[in-house]
Amino acid sequence: MKSSRHRLIGLPASALLITVVGCSSADDSAGVAVPSPSPAVTKLCQNLDKALPRKVDGLSRNDPEPRSVLTAGWGSPVIILRCGVVRPPKMVDPKVAEGGDPDAVAGGVNGVDWLQEKSAGGYRFTSANRTAYVEVSVPEGQDSAGVLVDLAPAVKSAIPEGIAD
């Protein structure tokens, strides 16, 4: 026990905070950072929130804290959707477009283009060629194709095609 405590003291404060927060929850509810988009993008995200399905890949809606029209969730562990995020750097990385990045892949599902990136504990998908960026984090072991198929109609109806700022 003492050796563990000494190892924790050497960790940066942010790593220690992540470790404590990640282990402190007594249930499977998730907390998420709420994006801060422009008013125009916020309106698109409000429209998306109204269009989102009650179930995704058979999982019921389970929104993260804090509650916001910019975020949504399904299941446990939670599939997290965040609307109005900033463009990920890999979206404009030529290596990704050429298929040369092992951690990021571009592709489309049912009329919505996505950038897929490996993340801690799963995958992160960010919509492309839409006037607002929508990010979907899918936990390891969850069928990401089913998730994206279920979310595509809402994204297509609420977020117009175009280039986000």
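You'll find the structure just up there.
A brief report on the enclosed structure follows. As the structure is a computational prediction, the values presented were derived from the model and not from experiment.

Some details on the pattern of salt bridges
Taken as a whole and assessed by the stated rule, the structure comprises seven salt bridges. Among the salt bridges present, the one from R61 reaches D63, with a minimum N-O distance of 2.7 Å. One salt bridge in this structure joins D103 and K118, with 3.9 Å as the shortest N-O distance. Remark: K118 occurs in strand β6 (residues 112-119) and D103 occurs in the loop between α4 (94-97) and β5 (104-109); sequence separation between them is 15 residues. When its relative accessible area of 37% is taken as the criterion, D103 is described as partly exposed. Given the relative accessible area of 47%, K118 is considered partly exposed.

A closer look at the pairing of strand β4 (residues 79-83)
Most of β4 is tucked away, with five of its five residues classed as buried. The alternating pattern of β4 places I79, L81 and C83 and I80 and R82 on opposite faces, both of which are buried. Pairing analysis gives four bridges linking strand β3 (residues 71-74) to β4, with the strands arranged antiparallel. Bridging across to β4, W74 finds its partner in I79. With antiparallel pairing between neighbouring strands as the criterion, β3 and β4 make up a hairpin whose turn holds four residues, including G75 at a positive phi of roughly 75 degrees.

So, the packing of helix α3 (residues 39-51) against helix α5 (residues 144-158)
Packing of α3 against α5 brings their axes to within 9 Å, and their N-to-C directions diverge by 145 degrees. For the crossing formed where α3 meets α5, the hand is right-handed. Along the contact surface, α3 presents L44, N47, L48 and A51, while α5 presents A154, V155, S157 and A158. The residue makeup of the contact of α3 with α5, split by class, is six nonpolar, two polar and no charged.

Quick look at the side chain of S127
Locating S127 in the fold gives a position in strand β7 (residues 122-128). One polar contact links the side chain of S127 to the main-chain carbonyl oxygen of A132, over a distance of 3.5 Å. Each residue touching S127, except ones within four places of it in the same chain, is listed here: M91, V112, D113, W114, A132, Y133 and V134.

Notes on α3
In a regular helix each residue adds 1.5 Å, so 13 residues correspond to 18 Å; α3 covers 19 Å between its end C-alpha atoms and thus fits that length. Residues V41, L44, C45, L48 and D49 constitute the buried set of α3. For α3, the angular spread of the buried residues around the axis is 145 degrees, confining them to a single face. Exposed positions of α3 whose direction lies more than 90 degrees from the buried face are P39, A40 and K50. The elements touched by buried residues of α3 are β3, β4, β8 (134-139) and α5.

With respect to the nonpolar core
With 28 residues, the main nonpolar core has L48, L81, V136 and I159 as its most contacted residues. Contributing elements (two or more residues each) for this core: α3, β3, β4, β6, β8 and α5. It is α5 that contributes the most residues to this core, seven residues altogether. Those residues within four positions of L81 in sequence are excluded, and the remaining contacts are L48, L52, L70, T71, A72, W74, V134, E135, V136 and L151.

Conventions we followed
- Residues numbered from 1 in each chain as written.
- Predicted model: local features only at pLDDT ≥ 70, side-chain atom pairs only at ≥ 80, totals over all residues.
- Heavy atoms only, no water.
- Salt bridge = Lys/Arg side-chain N within 4 Å of Asp/Glu carboxyl O.
- Helix = DSSP H or I, 4+ residues; strand = E, 2+ residues; numbered from the N terminus.
- Buried < 20%, exposed > 50% of the residue type's maximum accessible area, 1.4 Å probe, protein only.
- Pairing = 2+ DSSP bridges.
- Axes fitted to C-alpha atoms, helices over the stretch in contact; angles between N-to-C directions.
- Left-handed = near helix turned anticlockwise from the far one by under 90°.
- Contact = heavy atoms within 4.5 Å.
- Nonpolar A, V, L, I, M, F, W, Y, C, P; charged D, E, K, R; others polar.
- Polar contact = N/O pair within 3.5 Å; in protein donor to acceptor, adjacent residues only side chain to side chain.
- Expected span 1.5 Å × (residues − 1).
- Arc of directions from axis to C-beta.
- Core = buried A, V, L, I, M, F, W, Y, C linked by side-chain atoms within 4.5 Å.

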